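# Report on the structure
These are the residues of each chain, in order.
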Amino acid sequence: MTDFGNYKGYQGASRLQDGKSRATHIDDERLKIISESIVNLMGKDVLDVGCNTGYVTVQAALSYHARSVTGIDIDEELLDRARSHLSFRRSRIYCALPPSSALDSSSNIGDGGGGGGGGEHAKDRRQPQRPPPEAPRDRLNYFPISSIQKYGHLPAPPLTDSTSAGGGGEAINPILSNKHSNKSRSARTSHEQPSSASSSSSSLLKRSAAGERDPTADTIFPGRVEFKLEDWAAPGSENIVRGGGRVYDVILALSVVKWLHLEHGDQGLKTFFRNCRTSLRPDTGLLVIEIQGWDSYQKAVKKHKAPHLKGMLEKIEIHPEGGFDELLVGEMGFVFVGRWAGEGGMREIRVFRRGCV
C-alpha cells in the first residue's frame, strides 16, 4: 500500500525494460525519448515533479547535461534517499585529484545510505591505480560500487557563489500541507545530511592536484542539483510558487499526475497546472506529462494499493484521456506540441508549451 503513490524506487529503469535489473547507470527510457525526440535537456533548467528516489532527476543532470535540475516530492523519506543517491552517483565520477586539504579537512565521508568513512579512506580511493577513462561517459561510473561501499561517499564541497543560487538542503515549504509535513518529519532518519547531498559537486570536480580547473568537469555534472519538499497541488500553493520566482525551461511530470489528482481532486489538478504555467519560461517552456490512463486510476484505489483515495476518484470529472488537453489548452493558455506513443510498456507522453501571454 502507499499513502501518496510514493512507491519506493517507482521510477527505476527496470519498470520499463523487461528482464533488466534495476541499475543506477541505466538511463530511463522516458528521458531518452524526451531528449532525442522532444527537447534537448542540455543547458536547460529542469524541474522533476514527484522525483521519488531521484533516479530521473540525477540522470537528467548526469546523462543529459541539464544546467540545473530540481526534484520535488511530498515524502521526505524519499527525498533523503534521493539526496543519498545523488551523493552516490557523484562519488563514482572520475575527476582530477583535488587538493589534499579538501579531503583532509573532511572527517565525515558518509552520507545517507552510503556508509561512513574517514578522510584517509577517501584520499586513498581518489588515487586510482588504473589510467583515466578515455570517453566522458566512462567517467560517470569510474569508481566501482564496491569502492563506495567500502570507503563511503565523497564529502560534498562547500557551496560557491555559482552554485548557491538555487539553494540547497532541506526545504520544508509552506506549500506542503500539514498532514504531509507531519508525516514526513516523523519519517526522517538520523543519518540525514542535507548539505552533503544537495549541494553542488562542481568545485570538487573542477580542481586538480595543482588547484587548476578540470576542463571536462562541466560536461560531467551540472552546477546545481537539489531536492525539495513541496506539493504543487496543495491549496494556497499558487501564491508561494509565484513568490518563489523560479523559472524552468522544462517541467517533467512523469508517473505523478494521477497521484496528485487522486490526492487533491480536480481543483488540485488545476492548481498544479497553473503552478506549472507560472514557473515555465513564456513562449518556450515545456510541460512534459506521462499520461496515466483512467484504467490506471481505477487500479490505483484497489485495496492493496491506495483504497483511501477511492472517495476522491468518484468525484473526479476531468479524465486524462481528453480532459487534460482541454484544460491545458482551453483554460490555461498552453499550446499542444505533440504526443509520443509508448512502446515496450511505456505510457504515452504529451507535451505542452506555455503561451506567450
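This structure is a prediction, so every number in the text was calculated from the model and none was measured. (Residues numbered from 1 in each chain as written. Predicted model: local features only at pLDDT ≥ 70, side-chain atom pairs only at ≥ 80, totals over all residues. Heavy atoms only, no water.)

## Describing the sheet that holds strand β3 (residues 224-229)
The sheet built from seven strands is open, its strands ordered β3-β2-β1-β4-β5-β7-β6 with mixed pairing. Both outer strands of the open sheet, β3 and β6 (334-340), are each paired with one neighbouring strand and no more. Going across the sheet, the axis of each strand differs from the next one's by a mean of 15°, ignoring polarity. Bridge count between strand β1 (residues 45-49) and strand β4 (residues 250-253): four bridges; the pairing is parallel. Bridged to leucine 47 within β4 is isoleucine 251. (Pairing = 2+ DSSP bridges. Helix = DSSP H or I, 4+ residues; strand = E, 2+ residues; numbered from the N terminus. Axes fitted to C-alpha atoms, helices over the stretch in contact; angles between N-to-C directions.)

## Quick notes on the confidence of the model for the protein
For the protein, the mean per-residue pLDDT works out to 74, and 61% of the residues sit at or above 70. Of all helices and strands in the protein, the one with the weakest mean pLDDT is helix α10 (residues 202-205) (33), whereas β4 scores best (98). Below pLDDT 50 for its whole length, residues 11-21 participates in 31 contacts with residues either more than four positions away or in separate chains. The low-confidence segment residues 159-219 (pLDDT under 50) makes 134 contacts with residues lying over four places distant or belonging to another chain. (pLDDT = per-residue confidence, 0-100. Contact = heavy atoms within 4.5 Å.)

## Some thoughts on unusual backbone geometry
For residues that are not glycine, phi is negative in most cases, and the peptide bond is trans in most cases. For asparagine 52, which is not glycine, the phi torsion reads 60° and is therefore positive. Residue placement: asparagine 52 occurs in the loop between β1 and α2 (55-62). Since its relative accessible area comes to 4%, asparagine 52 is described here as buried. Despite not being glycine, serine 255 has its phi angle at roughly 55°, a positive value. Inspection of the secondary structure assignment puts serine 255 in the loop between β4 and α12 (257-279). (Buried < 20%, exposed > 50% of the residue type's maximum accessible area, 1.4 Å probe, protein only.)

## A closer look at the packing of aromatic side chains
Under the counting rule described, the total for this entry stands at five aromatic pairs. With 5.5 Å between their ring centres and 65° between their planes, phenylalanine 336 and phenylalanine 352 make a pair best called edge-to-face. Separated by 16 residues along the polypeptide, phenylalanine 336 in strand β6 and phenylalanine 352 in strand β7 (residues 349-354) bring together distant segments of the chain. A relative accessible area of 0% means that phenylalanine 352 is categorised as buried. Following the ring pairs from residue to residue traces out a cluster consisting of Phe272, Phe273 and Phe324. (Phe/Tyr/Trp six-rings, centres within 6.5 Å; stacked < 30°, edge-to-face > 60°.)

## A short note on helix α1 (residues 29-38)
Along α1, the positions that sit buried rather than exposed are Arg30, Leu31, Ile34, Ser35 and Ile38. Along the axis of α1, the buried residues cluster in a sector spanning 125°; they form a single face. (Arc of directions from axis to C-beta.)

## Details of the pattern of salt bridges
Counted by the stated rule, this structure contains 15 salt bridges. Residue arginine 83 is joined to aspartate 80 by a salt bridge in which the shortest nitrogen-to-oxygen separation is 3.4 Å. Taken together, the residues arginine 83 and aspartate 80, both in helix α3 (residues 76-91) and three residues apart, mark about one turn of the helix. For aspartate 80, a relative accessible area of 8% gives the class buried. With a closest N to O distance of 3.2 Å, arginine 347 and glutamate 290 form a salt bridge. (Salt bridge = Lys/Arg side-chain N within 4 Å of Asp/Glu carboxyl O.)

## Remarks on the environment of valine 257
Locating valine 257 in the fold gives a position in helix α12. Separated by 32 residues in sequence, valine 257 and isoleucine 289 place their C-alpha atoms 7.8 Å apart.

## A short note on the pairing of β7
Buried residues dominate β7, accounting for five of its six residues. Across five bridges, the pairing between strand β5 (residues 286-290) and β7 is antiparallel. Within β7, the position partnered with glutamate 290 by the bridge is isoleucine 349. With six bridges connecting them, β6 and β7 associate as antiparallel partners. When the sheet's bridge partners are listed, valine 335 is paired in β7 with arginine 353.

## What about the packing of α12 against helix α15 (residues 323-331)?
Look at α12 against α15: their axes get within 12 Å of each other, and the N-to-C directions meet at 20°. Classified by the angle between their axes, α12 and α15 sit roughly parallel to one another. The element α12 and its partner α15 pack so that their crossing is left-handed. Residues Val257, His261, Leu269, Lys270 and Phe273 of α12 form the contact with α15, whose own contacting residues are Phe324, Leu327, Leu328 and Glu331. (Parallel < 35°, antiparallel > 145°, perpendicular 65-115°, else oblique. Left-handed = near helix turned anticlockwise from the far one by under 90°.)

## A word on α15
Restricting attention to buried positions, one finds in α15 the residues Gly323, Phe324, Asp325, Leu327 and Leu328. Residues of α15 that are buried make contact with α12, β5, α13 (294-300), β6 and β7. Backbone geometry just after α15 places glycine 333 at a positive phi near 80°.

## Side note on the packing of α2 against α3
Two numbers describe a pair of packed helices, the interaxial angle and the distance between the axes. Between α2 and α3, whose axes approach to 9 Å, the crossing angle comes to 35°. Crossing angle aside, the handedness with which α2 passes α3 is right-handed. Together, Tyr55, Val58, Gln59 and Leu62 of α2 and His85, Leu86 and Arg89 of α3 make up the contact between the two elements. By residue class, the composition of the contact of α2 with α3 is four nonpolar, two polar and one charged. (Nonpolar A, V, L, I, M, F, W, Y, C, P; charged D, E, K, R; others polar.)

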